[in-house]
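Coordinates in review
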Amino acid sequence: DEITSDDDALIYLYGNINSFSKQSYRTLKSRFRNRIFNTLYFLDLNQSNIQTNYQRILYEQNKAVQTINILRRNGAIKSAVSIIKNNFNIAVKNHLYDIAKLFAFELSKHYALSGKQTKYKMYRELYEDYSQKENAIQNATLLYYQIQFIIHHTNEKTKTLKKKKTLMQLMTELKSYRDIVYSYETEYFYLRSKLFLIEFTGQLDNILDICQEVESLSTQAQFQQPIWQGIAALYRAKALLSLKKYQEGINYLLVDIHLFNEGGLNWFTAKEYLLKLYMHQLDVLNSETLIQEITKNKSYKNLPDHYKY
């Protein structure tokens, strides 16, 4: 924590700040950055307890793709095919259709050159299937971000009814892509967009069911996303507060609070909801204790004013 800026680093490394030391420092950073990027190929995520199993799989599959490309372009076709065969089912099982499409494409070429017509036809059909699914996932992703944009960044003068109509149309289109393909991201984008829409319209129908769906999605054995669980927990707390189910909201938040990094904005938001729930329960002791916990947190002083308020 001794170095907090480039100027600090310049003085620490070179003893002064001038044109020569600045140029040397830029060169150092550039070389250091390149070395960091080069180490990405050698990361062993199995030694990390931070990454989820799905993140490890995603990293290893993308690493396999790059390895295959290097081997293929240097004539090591058999080695590339061997890696594809070892990873093909893993990619499909985890709905990584962009990677599965590439694998099917390469195997189609391989079996065509090998004269194995049946296998060529099978992988050619799989390639077309995965291409369609990948396209659906990409379109669903873009729709999700379009929905976010409309809710958060469109002109305030835009009429609410017009905005709601547009959002409903986009949700219908997003659902059509969801019906084409199952992927973790597409499921989340659809459910998250429904939560956006509920928040925008103020209609709380089925919000608790949707929160449960998000939680079920993000707590699967093969796919765990604590951040997504946290989003569902905040929406559920907000909904239970609005529905005047105060004790139920308290019970959920006390269990879910571990999903948030202490001192982060979502942690403060969760504590805010917990405070409101305690106050509605007329639980003065826990309310006072919680206020002290919040205001004594080392990150509190750096919060925006509206968060502090």
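Refer to the structure printed above.
Residues numbered from 1 in each chain as written. Predicted model: local features only at pLDDT ≥ 70, side-chain atom pairs only at ≥ 80, totals over all residues. Heavy atoms only, no water.

Points about unusual backbone geometry
Selection rule: Elements are defined by DSSP. Helices are runs of H or I of four residues or more, strands are runs of E of two residues or more, and each kind is numbered from the N terminus. A simple rule labels every residue: compare its accessible area, found with a 1.4 Å probe on the protein chains alone, to the largest value its type can have, and call it buried under 20%, exposed over 50%, or partly exposed in between.
One non-glycine residue, His95, adopts positive backbone phi at about 60°. Turning to its location among the elements, His95 is positioned in the loop between helix 4 (77–93) and helix 5 (97–113). With phi around 65°, Lys244 is a residue other than glycine that occupies positive phi space. Along the chain, Lys244 turns up in the loop between helix 10 (226–242) and helix 11 (246–256). On the accessibility criterion, Lys244 (63% relative accessible area) is exposed.

Thoughts on the nonpolar core
One broad rule of soluble globular proteins: the nonpolar side chains tend to lie buried together. Spelled out, the test is: By convention a nonpolar core is built from buried Ala, Val, Leu, Ile, Met, Phe, Trp, Tyr and Cys residues, the set being connected through side-chain atoms within 4.5 Å.
Membership of the largest hydrophobic core comes to 53 residues, with the highest contact counts inside it found for Phe103 and Tyr188. When residues of this core are traced back to their parent elements, those giving at least two are helix 3 (53–73), helix 4, helix 5, helix 6 (117–153), helix 7 (160–180), helix 8 (184–201), helix 9 (207–217) and helix 10. Core analysis: the second largest hydrophobic core is formed by 21 residues, Ala233, Phe260, Phe268 and Leu303 among them.

Quick look at the pattern of salt bridges
Using the following cut-off: When a carboxyl oxygen of Asp or Glu lies within 4 Å of a side-chain nitrogen of Lys or Arg, that pair is called a salt bridge.
Under the definition given, this model contains 12 salt bridges. For Asp6, the salt bridge identified is with Lys29, shortest N-O distance 3.4 Å. Placement of Asp6 in helix 1 (residues 6–14) and of Lys29 in helix 2 (residues 19–39) is noted, with a sequence separation of 23 residues between them. Note that Lys271 is salt-bridged to Glu293, the shortest N-O span being 3.1 Å.

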